[in-house]
Amino acid sequence: PAVMIPPRRQPVIDYYDQQRNDLDWIKQLRSKDLCSAAPLTSWAVIYPNRDEQRVDRFLGAIHQFGRPLGIQIVEPAWFPIRGIGGPDYENALREAAKTKPALIVVILPDKTKGRYDRVKSLCMAELGVTSQCFVARNLGPPDRGPNPSIMTKLLLQMDAKLGATLWTMELGAAIKEIMIVGVDVCHPSGLRGNSVAGFVASMDNNVTQYFSQVCIQQTGQELVDKLADCMHNALRAYQQANGKLPKRIVVYRDGVGDGQLRSVVDVEVPQVTKVFHIFGEAYKPVVCYVIVKKRINTRLFAVDPANNRNLLNPMSGALVDSMITHRGWYDFFLISQMVKQGTVSPTHYHVVYDTATTPPNILQELTYKLCHLYYNQTGPIRVPAPCMYAHKLAFLIGQNVKALPKASLNTTLQYL
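These figures come from a predicted structure and were not determined experimentally.

Engineer: It is not clear to me how the overall build of the chain should be interpreted in this structure. Could you clarify?
Structural biologist: In terms of helices and strands, the chain carries nine helices and 15 strands. Relative to the globule expectation of 22 Å for 416 residues, the C-alpha radius of gyration of the chain, 22 Å, shows essentially globular dimensions. Taking the principal axes of its C-alpha atoms as reference, the chain extends roughly 65 × 55 × 40 Å. Per-residue burial for the chain yields a buried fraction of 54% across its 416 residues. Of the contacts made within the chain by residues no fewer than 6 positions apart, 72% connect residues no fewer than 24 positions apart. Here the chain has roughly 18,300 Å² of accessible surface; of this, 49% comes from carbon and sulfur atoms.

Listed below in structure tokens is the structure:
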């Protein structure tokens, strides 16, 4: 039978009303300061001349919606362009980069993939500058102001890329001195068919600051063969940020089917553990390797208390770790997201390696709370935030950038 994550271990975020249980805190967020806002004091805006009026309203909206969030905002450097072709944007980006901005906002006329790809590729792989693209029509018609939800989400995304801590939650004492890692592989059509592995690792106890790295692999290759290099660089970054190394490492590995579980244990796990000796023979952190499976046929239902003949979607936090789990496996099913239509799909978590036999309730609680820390959505998602960040990174590089990003961007959420 399914159980709920106990109330004492439920996530507590000031930005939403738990009594309503809609788990979306966008409205509440508009009237509260961010946990730690990053100032928007060094930035540039590139826009087509024809959208000048819209861009003026855009800046007004940035001030209007940014002030309640506690974001310090100053006037940006403006770079208008006459045309809307790729070369026009490229020239403007190069000029804007000379001012060394922390962020470049690029107003695009539409969602043309080629133009977007060129902007992202130039910013990430060549100029090494954080960018934020925005389609002009999302600014709204001339006779009306921008949509409050769109502007708030845009500001959150921009500030997160600048290193802001948008929201946090109490993760428990077990989280101290821990590194949470997300790994996913994207198999894009571009990049000559090469697969792209995204790797992200948390750098703080709040699990809101990340180090990231990308690996280009052989076509169709799911197992990551450069994981040792990623883990080594992540541990170095963690040590520099905290003055010490993590005592516990939890890896959430997305995109692996049941037929590859043994290969993950034989190929990927040894890569993670073999780098520890580089930091001294005494360094032996606890390692927990968790496979995250979303493409499953299992569905969970709750019985309507008003009519036991009706079936409902379980609430966020529904957990099953017996009866339908595999004999001999350390696994569980968890529903973290809320859906308003259709049938909710649980996520299956399978621990394939654990040097400390982490108690199930500790791992289940951590997993559920991490689903609330993805900064691109003001509500819980289906997988832990590091998993989604790794997916976003791999997808952006594989489908749009098609080149390795500059190392200077490795500690930013430039892939949001």
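Moving on from the model shown.
Engineer: Any chance you could explain the sheet that holds strand S4 (residues 103-108) here in plain terms?
Structural biologist: Two pairing modes exist for strands in a sheet, parallel and antiparallel, and in both the strands are linked by backbone hydrogen bonds. Strand order in the open sheet formed by four strands is S3-S2-S4-S5, with parallel pairing between adjacent strands. Looking at strand neighbours, the two that pair on one side only are strand S3 (77-81) and strand S5 (131-135), the edges of this open sheet. For this sheet, the mean inter-axis angle between neighbouring strands, taken without regard to orientation, is 20°. The pairing of S4 with S5 spans five bridges and is classified as parallel. Its bridge partner being in S5, Ile104 is matched across the sheet by Ser131. The sheet contacts of helix H2 (residues 52-66) involve strand S2 (43-48), S3, S4 and S5, and relative to S2 the element is tilted by about 150°. Sheet contacts for helix H4 (residues 113-127): S4 and S5; angle to S5, the most-contacted strand, approximately 165°.

Definitions and limits used
- Residues numbered from 1 in each chain as written.
- Predicted model: local features only at pLDDT ≥ 70, side-chain atom pairs only at ≥ 80, totals over all residues.
- Heavy atoms only, no water.
- Helix = DSSP H or I, 4+ residues; strand = E, 2+ residues; numbered from the N terminus.
- Rg over C-alpha atoms; globule rule 2.2 N^0.38 Å.
- Buried < 20%, exposed > 50% of the residue type's maximum accessible area, 1.4 Å probe, protein only.
- Contact = heavy atoms within 4.5 Å.
- Areas by Shrake-Rupley, 256 points an atom, 1.4 Å probe, with all protein chains shown as cover.
- Pairing = 2+ DSSP bridges.
- Axes fitted to C-alpha atoms, helices over the stretch in contact; angles between N-to-C directions.

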